[in-house]
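# Report on the structure
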Amino acid sequence: MLDEAAIPHGMHLIAGEWEGGGASFTSDPAEGAGHRFSVGTPDHVDRACKAAEEAFWSYGYAARETRAALLEAIADEIEARGARITAIGCAETGLPQARLEGERGRTTGQLRLFARHVREGAYLDRRHDAALPDRQPLPRPDIRMMQRPVGPVAVFGASNFPLAFSTAGGDTAAALAAGCPVVVKGHSAHPGTGEVVAEAIKAAVERVGVPGGVFSMIQGGARDVGTALVQHPLIRAVGFTGSLAGGRALFDLCVSRPDPIPFFGELGSVNPMFLLPSALQARGAEIAKGWAGSLTLGAGQYCTNPGIAVVIDGPEADAFVEAASAALAPIGAQTMLTDGIAAAYRAGRDRVAGTKGVQEVLTSMCDLRNATPYLYATTGKEWLANEALGEEVFGPLGLIVRAATDEEMCEVALNMQGQLTATLHLDDDDVEHAKRLMPVLERKAGRVLVNGFPTGVEVCDAMVHGGPYPASTNFGHTSVGTLSIRRFLRPVCYQNMPDALLPDDLRSV
C-alpha cells in the first residue's frame, strides 16, 4: 500500500503548471486500490503544444551545455524520487522491484548518456566547403551545414516500460537532447508512475531555468487526445512504442495531415532465432534452456522477445523441442501489465493453436491478468503457407519451425516480416550456412546477433532498435542509443553566411 504522501494527485502538467478538474478515470493497478486521474482533452493538447512552440524559440537555440545540464538534472531528480517511483510502479504494473529499479537505472543512464553526447557535439554533423572564388567555369560559394532541431515533439508512453520508454524515456531524452520541447501522452496503465516522473522533470526544468513549455504531460483521455496531438499543426514529429494496430493508426494520421510529419513508431516483432545444425547438435539443450528464460522474462512483455525458433528437422530438432518444453514447464504464472494485454495474449494463443499444421507441445492454463508459457511446433512448409504464424504474440509463447532443409530455412527467413532482431546460433562448422543467411537477415532486421538472446538492449552509441516495417515505421532510425537523436534533427545548409548570423556551433568549422 502507498504512503499517504505518495498517493497521486492525478493532474496534468501543462507548461510547468499542474491542472486537474473535469472528467476523471480510475487507474487499474495490479496491486492495491486504483486512484483518480484527470482525463486529458484536446484543449489540454492545444495549450501544451502552443507552450512547446513558444519554448522552442529559446530552448531550440540554447547552448548545448544548457540542454546537457537539463538532462542531467532530470536524471538527478528521478533518482531523488526513486523509492516513490518503485513503490507506485510495482503496484500499477505488477513488475517486481528489481525490474523497476533496473529500469530506473537505465532511464537515468540514457539521460546522462545523451548529456555526454550533446556536449561532444559530433551529432551536429558539421560540414564546411570553403568558397572557391577562382574556380572555373563558375566560382563556388562558401557552404556550411549542420543538424538543427525540428521543433515540438509528441511522445506516447509505452505500456511495457513505465520508465525507459515512457515519460522520461528514450524518445523524450533524445528530443530534449536535440533541442525539441516534448508533449507526452501518458499511458493509462501506469499514470501514477508517469506523474512522479513528470514531477522530476518539472523540478529539473525549474532548476536549470528553461521555459516550462519545454515539457508537458497529459494523462489518460480518449482516442481524440492522441488524434489531436499527432495532428496539431505545431507538432513536428512523433515518437511511439506500442502495438502494431495503435501505431499504424497514428502513422496514418501523421501522413494524412496537410503537412505530413515523421512518425517514429516501434511496433511489433517476433525476433526469430535460427539454430544452425552444428550448434543445434552440440548445444541444443543449452540453447533451449536459455530460450525459455528469454521467452518468459517479464512475462514475455518485451518487444525483443524471441518468439520463433527455426531449426532443421531431424533427431536434433526432436531433442530441442523436448528440451524447450522441459525448460518451460516449471515456469509458473506471471502478472501481465494490464487486463487488455492478458486478453490479447490469450487471443494470440488461440490463433496459433487453431492454425492448420500447428502441434501443441506445452499447454497450460491462464486467466484474468496472468500469463503462463505455451509452446507450439510446425513445419517450414506450414509456416510458409500461414502468414498469421509470423505475427507477434505479446507474451511467453514460443513457436518452433522445423524446416525440412537448409534451403527451406533460408526461405523461411526470406519470408519473415521486418524485425527488430534476428539471432543466429552457430558453431564454427555453421559459418558457411550463416553466410547464406546473413544477407537476408540484414535486410529483415535492425540488429543481428550471434549466440545470445535479444531481450537485452544495450543503451550505447552503436545500438539499433528498429527495423523494416512492421518492426518500426522508419527503418532508417533507432529508438535506443545516441543515434536516436537524429530522428528529431534536420540538416540546414548556410550559403555565404556571415559569421554573425551563423549558429555558434558552426562558426569555427
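Further up the page is the structure itself.
All figures in this text were calculated on a predicted structure; none of them were measured in a lab. (Residues numbered from 1 in each chain as written. Predicted model: local features only at pLDDT ≥ 70, side-chain atom pairs only at ≥ 80, totals over all residues. Heavy atoms only, no water.)

Across its full length, the protein chain holds 14 helices and 21 strands. The C-alpha radius of gyration of the protein chain comes to 24 Å, within 12% of the 23 Å expected for a compact globule of 509 residues. Considering only C-alpha atoms, the protein chain reaches an extent of 75 × 75 × 40 Å along its principal axes. Within the span of the protein chain, comprising 509 residues, buried residues form 57% of the whole. For the protein chain, long-range pairs separated by at least 24 residues make up 77% of all intrachain contacts whose partners lie at least 6 apart in sequence. With the model as given, the accessible surface of the protein chain reaches about 20,200 Å², and the carbon-plus-sulfur share is 54%. In the protein chain, 44 positive and 59 negative side-chain charges are present, and the distance between their average locations comes to 5 Å. (Helix = DSSP H or I, 4+ residues; strand = E, 2+ residues; numbered from the N terminus. Rg over C-alpha atoms; globule rule 2.2 N^0.38 Å. Buried < 20%, exposed > 50% of the residue type's maximum accessible area, 1.4 Å probe, protein only. Contact = heavy atoms within 4.5 Å. Areas by Shrake-Rupley, 256 points an atom, 1.4 Å probe, with all protein chains shown as cover. Lys, Arg positive; Asp, Glu negative; His and termini not counted. Charge placed at Lys NZ, Arg CZ, Asp CG, Glu CD.)

The three strands lie next to each other as S5-S6-S21, forming an open sheet whose pairing is antiparallel. In this open sheet, the two edge strands, each paired with only one partner strand, are strand S5 (127–129) and strand S21 (489–495). On average, adjacent strands in this sheet sit at an angle of 25 degrees to one another, irrespective of strand direction. The sheet contact formed by S5 and strand S6 (residues 143–149) spans three bridges and is antiparallel. (Pairing = 2+ DSSP bridges. Axes fitted to C-alpha atoms, helices over the stretch in contact; angles between N-to-C directions.)

With respect to the element layout, Asn 305 can be found in the loop between helix H9 (277–296) and strand S13 (308–312). A polar atom in the side chain of Asn 305 sits 3.4 Å from the backbone oxygen of Gly 300. Ignoring any residue separated from it by four or fewer positions in sequence, one finds Asn 305 in contact with Ser 269, Val 270, Asn 271, Ser 294, Leu 295, Gly 300, Gly 395 and Thr 455. (Polar contact = N/O pair within 3.5 Å; in protein donor to acceptor, adjacent residues only side chain to side chain.)

Counting 92 residues, the largest nonpolar core has Ile 74, Phe 274, Leu 437 and Phe 488 as its most contacted members. For Phe 274, the residues in contact, after removing those within four places along its chain, are Val 310, Met 409, Ala 413, Met 416, Thr 423, Leu 424, His 425, Leu 437 and Leu 441. (Core = buried A, V, L, I, M, F, W, Y, C linked by side-chain atoms within 4.5 Å.)

Its place among the elements puts Arg 487 in the loop between strand S20 (445–450) and S21. For Arg 487, a relative accessible area of 4% corresponds to the buried category. In sequence terms Arg 487 and Val 401 are 86 residues apart; their C-alpha atoms lie 36 Å from each other. Dropping the residues within four chain positions of it, Arg 487 is found in contact with Gly 170, Asp 171, Ala 174, Phe 264, His 477, Thr 478 and Ser 479. At 2.8 Å, the side chain of Arg 487 and the side chain of Asp 171 are in polar contact.

Of note, the amide linkage connecting Gln 136 to Pro 137 takes the cis form, showing an omega dihedral of 5 degrees. Along the chain, the position of Pro 137 falls in the loop between S5 and S6. Here Tyr 469 and Pro 470 are connected by a cis peptide whose omega angle stands at 10 degrees. Within the element layout of this structure, Pro 470 appears in the loop between S20 and S21.

Attention now goes to helix H7 (residues 223–230). What H7 keeps buried is the set Val 225, Gly 226, Leu 229 and Val 230. Viewed along the axis of H7, the buried residues span an arc of 120 degrees, placing them on a single side of the element. Buried residues along H7 sit in contact with helix H1 (42–59), strand S7 (153–156), strand S8 (182–185), strand S9 (215–218), strand S10 (237–241) and helix H8 (244–255). (Arc of directions from axis to C-beta.)

Attention now moves to the packing of H7 against H8. Contact pair H7 / H8: the axes reach a minimum separation of 9 Å and the direction vectors enclose 40 degrees. One finds that H7 runs oblique with respect to H8. Of the two possible hands of crossing, H7 and H8 adopt the one that is right-handed. Touching Gly 226, Thr 227 and Val 230 of H7 are Leu 250, Leu 253 and Cys 254, all from H8. (Parallel < 35°, antiparallel > 145°, perpendicular 65-115°, else oblique. Left-handed = near helix turned anticlockwise from the far one by under 90°.)

Since one α-helical turn is 3.6 residues long, residues separated by three or four positions face the same way. With 18 residues, H1 should cover 26 Å at 1.5 Å per step; its first-to-last C-alpha distance of 25 Å lies within 8% of that length. Regarding H1, the residues found buried are His 44, Val 45, Ala 48, Cys 49, Ala 51, Ala 52, Glu 53, Ala 55, Phe 56 and Tyr 59. (Expected span 1.5 Å × (residues − 1).)

Our focus in this paragraph is the sheet that holds S13. Spatial ordering of the open sheet is given by S15-S17-S18-S13-S12-S19-S20, a layout of seven strands whose pairing is mixed. Unpaired on one side and paired on the other, strand S15 (359–362) and S20 mark the two borders of the sheet. Averaged over all pairs of adjacent strands, the angle between their axes in this sheet comes to 20 degrees, without regard to strand direction. Relative to strand S17 (residues 374–379), S15 runs antiparallel, the two being bridged by three bridges. Within the sheet, the bridge partner assigned to Gln 359 lies in S17 and is Ala 377. Here helix H10 (residues 315–328) sits on the sheet and contacts strand S12 (273–275), S13, S15, S17 and strand S18 (397–403); the angle it forms with S18, its principal contact strand, is near 175 degrees. Of the strands in this sheet, S12, S13 and S18 are in contact with helix H13 (residues 406–414), which crosses S13 at around 160 degrees.

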